[in-house]
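Overview (structure and organization)
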Amino acid sequence: MLIKPRSESDLLKIMRILNARMNLNEDEKKQYLYLKKGYEGEVAFDLLTASNLNSEIYILNDIMLERNNSKFQIDTVMIVQNTIFPCEVKNYEGDYYYQNDEFNLCKIKKPISNPLHQLKRSETMLREYLQDDGFHFHIEPYLIFINPGFFLYQAPQNNSIIFPSQLSCFMKKLNSKPSKLNGMHRKLADKLTDGHTIDSPYPKLPPYNYHSLQKGLTCGTCNSPFMYCCERKATCNHCGYEEEVESAVVRSVGEFKLLFPDLKSPLILFMIGAGWSSLER
Ligand SMILES: [Zn+2]
């Protein structure tokens, strides 16, 4: 039972728009691709849980909680009988090796930030967060590697880690847990959903302003900002995708509203139009 669905963060949405409408530098582009890949991995895990889990389980996706001014984020929380399963989903791809308690990328032979530490922190903070309100569930955290192209040399024998080839067993294990959810579980799920906070994306963005952005309507398929309008159709110069002008305008207004949250719609329409009329045939 899906209690809280996942949606793209505003940070990812804005980075995608900026990637289409301006030249991001190498680090900014990396940040965008990292966010995008992470999100794709989480969605892949959602699909897996949605199509495989059939016992009574509450699923809450993408929860950000705060305790004592510290925030912690959990990709997926599953509630089964008397256990909570917080899952950290990683969409790593390629070859890694494990050495001295660190995950290292083979290509650069350097440690990356350790996802097991991240998992441990979330577990500890979640436990304290729930104990504050008298919830005493058993917490069993998991680090999920979702990408079949991920390989870890010298992998530690750690039951908290689920490798791609173990995903199907993991789903079976969850299904095999006898579970009957009641009002207490619902209260717990509501507590986590109500406590969810959203981080403002704006401090994390590269600098941009109206003049630095490519104007015009962006394509609904490839995000290219080069659509030309003919009668009521907007056609992408890049991929040929065609749609009603109205829907392309609505999407582009949404983009500019995200980029400039303080601006009013008429001004935004004018701004988009400034680039759009030059492409009109
Ligand atoms: Zn396109």
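The structure under discussion appears in the preceding block.
First, a word on scope: everything that follows refers to the structure included in this document. (Residues numbered from 1 in each chain as written. Predicted model: local features only at pLDDT ≥ 70, side-chain atom pairs only at ≥ 80, totals over all residues. Heavy atoms only, no water.)

A few points about the pairing of strand E13 (residues 233-236)
As a reminder of what qualifies: Should DSSP find at least two bridges between two strands, the strands are taken to pair. A run of DSSP states H or I qualifies as a helix once it reaches four residues; a run of E qualifies as a strand once it reaches two. Both are numbered from the N-terminal end.
One ladder, built from 4 bridges, connects strand E12 (residues 227-230) with E13; its direction is antiparallel. Considered in E13, the bridge of Met227 is made with Cys236. Between E12 and the antiparallel strand that follows it, E13, lie 2 residues; Glu231 among them carries a positive phi value of about 50°. Pairing of E13 with strand E14 (residues 242-244), which is carried by 3 bridges, proceeds in the antiparallel orientation. Bridge pairing in E14 links Thr235 to Glu242.

Topic: the packing of aromatic side chains
In plain terms, the rule: In this scheme Phe, Tyr and Trp rings, the latter by its six-membered ring, pair at centre separations within 6.5 Å, and the angle between planes marks the pair as stacked below 30 degrees, edge-to-face above 60, and tilted otherwise. Each residue gets one of three labels from its accessible area relative to the maximum for its type: buried under 20%, exposed over 50%, partly exposed in between, using a 1.4 Å probe on protein chains only. Over a ring means this: the NZ of a Lys or the CZ of an Arg is within 6 Å of the ring centre and within 35 degrees of the ring normal.
Taken as a whole and judged by the stated rule, the model has 16 aromatic pairs. With a centroid separation of 5.3 Å and an interplanar angle of 50°, the aromatic rings of Tyr96 and Phe150 are classed as tilted. Note that Tyr96 is positioned in strand E5 (residues 94-99) and Phe150 in strand E10 (residues 150-153), a separation of 54 residues in sequence. In this structure, Tyr96 and Phe150 share a single accessibility class: buried. Taken together, a centroid distance of 6.5 Å and an interplanar angle of 40° make the contact between Phe135 and Phe137 tilted. Of the residues examined, Phe135 reaches a relative accessible area of 8% and is grouped as buried. Joined through ring pairs, the aromatic side chains of Tyr92, Tyr96, Tyr98, Phe103, Phe145, Phe150 and Phe163 make up one cluster. Above the ring of Tyr129, the side-chain terminus of Lys191 is found at 4.5 Å from the ring centroid. Directly above the aromatic system of Tyr210 lies the positively charged group of Lys215, at a separation of 4.4 Å from the ring centroid.

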